[in-house]
Amino acid sequence: MNPTRLDGGMVRRKKAKVERPVWGIPKGIVLLATPEGWRTSVLTTEGGMLCGRLDVPINTDPQDARAAAALMVTELARDFHNRDVEVSWDPPQKPWSWTAQVTLAADGEPPSPDAEG
């Protein structure tokens with residue numbers, strides 16, 4: 001990178017472009033109920049993790065929160081990887097905490113473009 005000269009002899013270096021990370025294929029979900037709202041962590045087959053707030057009201061029923069988390073993950077897999085996935089929730093081990101396994105849909109092949117709508 002070549003520095004750029006500014007007034008007064010100062011040198012400014014150009015910033016390198018930072019590429020947005022490519023999200024891996026989801027393999028698991030952790031869903032937590034917190035006083036601030038529902039939180040998720042999505043684990044990927046490549047070893048990554050995507051954490052954030054689930055976009056549902058704080059007082060959402062746990063079953064509805066699990067459905068929203070599963071929908072979010074299936075849409076991420078479809079949008080980023082053109083793959084269909086299935087979400088299977090494990091029996092809860094702790095109150096207000098759920099985990100799910102995410103697997104590729106039965107055929108394991110990307111959906112055909114005609115399959116939508």
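Quick caveat, the model's predicted, so the values are computed rather than measured.

A. Up close: the environment of Val73. Looking at where Val73 falls in the secondary structure, it is placed in helix α1 (residues 62–81). By relative accessible area, Val73 is classed as buried at 0%. Sequence-wise, Val73 and Lys27 are 46 residues apart; in three dimensions their C-alpha atoms are separated by 9.5 Å. Look past the residues within four positions of Val73 in its chain and what remains in contact with it is Pro26, Ile29, Val42, Val85 and Val102.

B. Summary view of empty space enclosed by the protein. In the structure shown here, the tally under the stated rule is one cavity of 30 Å³ or more. Considering only enclosed or pocket space, the largest cavity measures out at about 90 Å³ in volume. If you trace the largest cavity, you find it lined by Trp23, Gly24, Pro26, Val42, Thr44, Leu50, Leu76, Phe80 and His81. At the level of elements, β4 (37–44) and α1 are the ones that each hand at least two residues to the lining of the largest cavity. In the lining of the largest cavity, the residues fall into six nonpolar, three polar and no charged.

C. How the structure looks around the pattern of salt bridges. The final tally for this structure, using the stated rule, is one salt bridge. A salt bridge links Asp84 to Arg78; the nearest nitrogen and oxygen atoms lie 3.0 Å apart. Classification of Asp84 as partly exposed rests on a relative accessible area of 27%. Among the residues examined, Arg78 registers a relative accessible area of 36% and is labelled partly exposed.

The rules we used
- Residues numbered from 1 in each chain as written.
- Predicted model: local features only at pLDDT ≥ 70, side-chain atom pairs only at ≥ 80, totals over all residues.
- Heavy atoms only, no water.
- Helix = DSSP H or I, 4+ residues; strand = E, 2+ residues; numbered from the N terminus.
- Buried < 20%, exposed > 50% of the residue type's maximum accessible area, 1.4 Å probe, protein only.
- Contact = heavy atoms within 4.5 Å.
- 1 Å grid on protein atoms, 1.4 Å probe; cavity = no way out; pocket = protein on both sides within 12 Å on 5 of 7 lines; lining within 4 Å.
- Points joined across faces, edges and corners; volume = space filled by probe spheres on them.
- Nonpolar A, V, L, I, M, F, W, Y, C, P; charged D, E, K, R; others polar.
- Salt bridge = Lys/Arg side-chain N within 4 Å of Asp/Glu carboxyl O.

Remember that the coordinates give geometry; whether it matters functionally is a separate question.
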